[in-house]
Amino acid sequence: MKKTNPFKFGSVVSGDYFYNRTEELQRIKQTLAGGNNITLYAPRRYGKSSLVKKALVELEKQGFITIYVDFMSVYSQETFIKNYSKAIAEGEKQSLEATVKKIAKLITGIVPSVSFDSAGLPTFSFSWIQGSNKEQTLIDVINLPQQLASDKSKWIIAFDEFQEVTKLNGERFEKILRSCIQHHNNVSYLFLGSKTHLLQDMFNNRNRAFYNSASIMGIGKISEEKSIEFLTSRFRDTGVSIDKKIAIYLLRSVDNIPYYIQFIAFEIWQSAQLNNINVVSTTDIDKALETIIQLKSDYYWEMINKQTSYRKKVLYVLSCGVQEIFSKETTNNYDLGSVSTTQKALDVFIEDGLVEKMDKHYILSDPLFKLFINNNL
Ligand SMILES: Nc1ncnc2c1ncn2[C@@H]1O[C@H](COP(=O)(O)OP(=O)(O)O)[C@@H](O)[C@H]1O
Ligand SMILES: [Mg+2]
């Protein structure tokens with residue numbers, strides 16, 4: 001019988017592919033169920049979306065109506081209205097026809113309807129009313145969950161990659177959203193995002209609309225101990241053994257970042273099947289790293305070649321894992337320019353998502369890219 005790979009990466013994971021995060025899950029669920037808003041932040045690929053989807057599934061079981069909207073796919077006020085009204089209509093537990101009737105009364109500016117997708121399933125769609133006030137329509141859509149919710153049927157709404165709202169009409173959209181949702185007593189909101197500095201500014205800066213509107217929670221990496229447990233048992237269940245020391249070697253080779261742990265484990269498992277290996281060694285891990293880096297090398301070169309020569313130098317310094325990039329010692333050892341020039345380069349990297357700033361240290365967000373730079377620059 002052909003076995004399926006016990007590891008999974010890329011999209012949201014659930015079921016047996018998901019491990020740990022029990023405390024975070026508990027806290028998120030409690031906050032939301034208690035009617036409060038919460039903001040979660042962590043770098044990309046730490047497992048925010050998976051964690052939140054799991055929380056939503058469990059809250060549904062407790063009787064809440066839950067909605068998930070990803071701001072990555074929202075590029076205008078119109079797409080927000082479209083995606084959000086659809087998510088709300090289809091999230092409501094009643095028949096879609098009944099919901100559409102209700103919505104038609106609550107949102108000015110659109111005519112909602114039920115259409116059928118290629119599989120014959122009912123889906124929500126609408127047409128715009130010409131000449132209507134778009135801002136009023138936006139306000140109506142934002143208020144929709146509160147209109148549909150009640151004391152007995154509370155709603156929970158997750159906005160993923162929420163920092164992207166600033167793309168929409170600058171701070172105007174933010175202000176409208178905030179001024180509406182502060183009156184939603186039967187709806188709790190969960191804001192999550194990857195661009196830590198942007199998100200923190202939105203919620204911690206007095207001059208921003210969302211200042212102080214939610215409790216803020218950072219999501220860290222998963223403890224090594226829990227990851228070792230996960231790796232050993234997933235390998236063991238499919239007939240492969242991995243020693244604790246080797247598992248630690250694997251985890252550290254990818255800086256303990258959840259996505260890369262599963263990525264590399266997936267590759268190792270696959271090659272173990274092909275080559276009839278039943279005990280994982282460090283050589284297998286190194287080979288898997290090499291294979292993945294090889295696969296991504298075109299992309300990595302593209303990222304590098306986009307940079308100015310000074311930025312290439314800074315990338316190389318980061319790939320060496322230096323802790324104090326602004327110190328005299330680093331400046332001398334790597335022949336760096338002024339602090340402000342280096343700072344500018346780092347700001348560009350952070351903006352592009354190549355680098356994360358953590359407790360004053362700058363870290364390349366992709367551990368494989370880090371290896372690639374170190375080997376090639
Ligand atoms: N709790 C977890 N258990 C197992 N794998 C996880 C977990 N969290 C994240 N991962 C891994 O990381 C990948 C990215 O997770 P995702 O939730 O999309 O992260 P984010 O939203 O923070 O970018 C998943 O596909 C999975 O491989
Ligand atoms: Mg995500």
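Our structure's up above, just so we're on the same page.
Keep in mind the model is a prediction, meaning the values are calculated, not measured. Sequence positions are assigned chain by chain, starting from 1 and proceeding in written order. Chain letters and ligand numbers both follow the written order, the letters beginning at A and the numbers at 1. At least 70 in pLDDT is required for a residue's local features to be given in this predicted model, at least 80 for side-chain atom pairs to be given and counted, and no such filter applies to totals for whole chains, interfaces and linings, which use all residues. No hydrogens and no water enter the side-chain calculation; it runs on all heavy atoms of the structure.

**Things to note about the overall build of the chain**
Counting from the N terminus, the helices are DSSP H or I runs at least four residues long and the strands are E runs at least two residues long. Across its full length, the chain holds 15 helices and nine strands. Its C-alpha atoms give the chain principal-axis dimensions of roughly 65 × 60 × 40 Å. Buried residues in the chain amount to 47% of all 377 residues. To be clear on the numbers: accessible area is Shrake-Rupley with a 1.4 Å probe, and residue cover counts the displayed protein chains and nothing else. Within the structure as shown, the chain displays about 18800 Å² of accessible surface, and the carbon and sulfur contribution to it stands at 49%. Here's how the labels work: a residue is buried when its accessible area is under 20% of the maximum for its type, exposed when over 50%, partly exposed in between, all with a 1.4 Å probe on protein chains only.

**Observations regarding the side chain of glutamate 161**
Mapped onto the elements of the fold, glutamate 161 is located in the loop between strand E5 (155–160) and helix H6 (170–181). Counted charges follow a simple rule, with Lys and Arg positive, Asp and Glu negative, and His plus the chain ends left uncounted. Salt bridges are counted wherever a side-chain nitrogen of Lys or Arg sits within 4 Å of a carboxyl oxygen of Asp or Glu. The side chain of glutamate 161 sits in the buried core without any salt bridge; lysine 48 is the nearest counter-charge, 4.9 Å away. Polar contacts here mean pairs of N or O atoms no more than 3.5 Å apart (in protein, one a potential hydrogen donor and the other a potential acceptor; neighbouring residues in sequence count only if both atoms are side-chain atoms). Within the structure, glutamate 161 has its side chain in polar contact with the side chain of glutamine 163 (distance 2.9 Å). Of the polar contacts made by the side chain of glutamate 161, one reaches the side chain of serine 194; its length is 2.9 Å. Here glutamate 161 is in contact with Asp70, Phe71, Met72, Leu192, Gly193 and Ser194, once residues within four sequence places are set aside. When checking whether two residues touch, look at their non-hydrogen atoms; a contact exists if any pair is within 4.5 Å.

**Considering the packing of helix H11 (residues 282–305) against helix H15 (residues 367–376)**
The relative placement of two packed helices is expressed as an angle between their axes plus a distance between the axes. With axes taken as lines fitted to C-alpha atoms, and helix axes fitted only over the stretch in contact, angles between N-to-C directions fall between 0 and 180 degrees. One way to put it is that H11 packs onto H15 with a least axis distance of 9 Å and a crossing angle of 75°. One finds that H11 runs roughly perpendicular with respect to H15. Between H11, through Leu289, Ile292, Ile293, Ser297, Tyr300, Trp301, Met303 and Ile304, and H15, the contact on the second element is made entirely by Leu368, Phe369, Leu371, Phe372, Ile373 and Asn376. Put simply, Ala, Val, Leu, Ile, Met, Phe, Trp, Tyr, Cys and Pro go in the nonpolar bin, Asp, Glu, Lys and Arg in the charged bin, and everything else, Gly too, in the polar bin. Looking at the contact of H11 with H15 residue by residue, the class counts come to twelve nonpolar, two polar and no charged. An angle below 35 degrees is treated as roughly parallel, one above 145 as roughly antiparallel, one from 65 to 115 as roughly perpendicular, and anything else as oblique.

**Examining the side chain of glutamate 24**
Following the sequence through the fold, glutamate 24 ends up in helix H1 (residues 22–33). According to the relative accessible area criterion, glutamate 24 is buried, its value standing at 17%. Excluding residues that lie within four positions of it along the chain, glutamate 24 makes contacts with Leu51, Met217 and Ile219.

**Looking at the pattern of salt bridges**
Where charged atoms from two side chains of opposite charge come close, those side chains can pair. Using the criterion set out here, one finds 15 salt bridges in the structure. Between lysine 296 and aspartate 366 there is a salt bridge, with its nearest N and O atoms 3.9 Å apart. Here lysine 296, found in helix H11, pairs with aspartate 366, found in the loop between strand E9 (361–364) and H15; they are 70 residues apart in sequence, far enough to count as distant. Judged on exposure class, the residue lysine 296 and its partner aspartate 366 are both buried. Look at the salt bridges and you will find they share partners, linking Glu171, Glu174, Asp201 and Arg208 into a network.

**Observations regarding the packing of aromatic side chains**
Pairs were defined over the aromatic rings of Phe, Tyr and Trp, the Trp ring being its six-membered one, requiring ring centres within 6.5 Å. Orientation was assigned from the angle between planes: stacked under 30 degrees, edge-to-face over 60, tilted for the rest. As enumerated under the stated definition, the model contains 33 aromatic pairs in all. Ring geometry for phenylalanine 159 and phenylalanine 162: centres 5.9 Å apart, planes at 20°, overall stacked. By relative accessible area, phenylalanine 159 is classed as buried at 0%. According to the relative accessible area criterion, phenylalanine 162 is buried, its value standing at 0%. Cluster of aromatic residues (ring-pair linked, three or more members): Phe71, Phe80, Tyr84, Phe159, Phe162, Phe173, Tyr189, Phe191, Phe203 and Phe210. The positively charged end of arginine 234 is found above the aromatic ring belonging to tyrosine 17, 5.1 Å away from the centroid. Comment: the charge-over-ring label is applied if NZ (Lys) or CZ (Arg) is within 6 Å of the ring centre and within 35 degrees of the ring normal.

**A few points about the environment of valine 339**
Structurally, valine 339 can be placed in helix H14 (residues 339–352). Looking at valine 339, the relative accessible area reads 48%, which means it is partly exposed. Sequence separation between valine 339 and serine 327 is twelve residues, and the spatial gap between their C-alpha atoms is 8.9 Å.

**Some words on the nonpolar core**
What we call a nonpolar core is a set of buried Ala, Val, Leu, Ile, Met, Phe, Trp, Tyr and Cys residues that are connected through their side-chain atoms within 4.5 Å. Grouped together as the largest cluster of nonpolar side chains are 73 residues, with contacts concentrated most on Leu40, Leu190, Leu231, Phe235, Leu318, Ile325 and Phe349. Discounting residues that sit within four places of it in the chain, leucine 40 has contacts with Ile28, Val52, Leu190, Phe191, Leu192, Gly193, Leu199, Met217 and Ile219.

**A short note on the site of ligand 1**
Consider each residue's heavy atoms; a residue with any of them within 4 Å of a molecule or strand counts as near. Surveying the vicinity of ligand 1 reveals 21 residues, the closest of which are Lys8, Ser11, Arg45, Ser50 and Gln262. A distance of 3.1 Å separates an oxygen atom of ligand 1 from a polar atom in the backbone of glycine 10. Between serine 49 and ligand 1, the recorded distance is 2.8 Å, taken from a side-chain N or O atom to an oxygen atom. When ligand 1 is considered free in solution it has 560 Å² of accessible area, and contact with the protein chains removes 95% of it. Taken together, the elements giving at least two residues each to the shell around ligand 1 come down to helix H2 (48–61) and helix H10 (258–274). In the shell around ligand 1, the residues fall into ten nonpolar, six polar and five charged.

**Let's talk about the pairing of strand E4 (residues 122–128)**
Paired strands are those between which DSSP finds at least two bridges. Bridge count for strand E3 (residues 110–116) against E4 is seven bridges, and the pairing is antiparallel. The residue of E4 that forms the bridge with proline 112 is phenylalanine 126. Here E3 hands over to E4 after five residues, with glycine 120 in that stretch at a positive phi of 80°.

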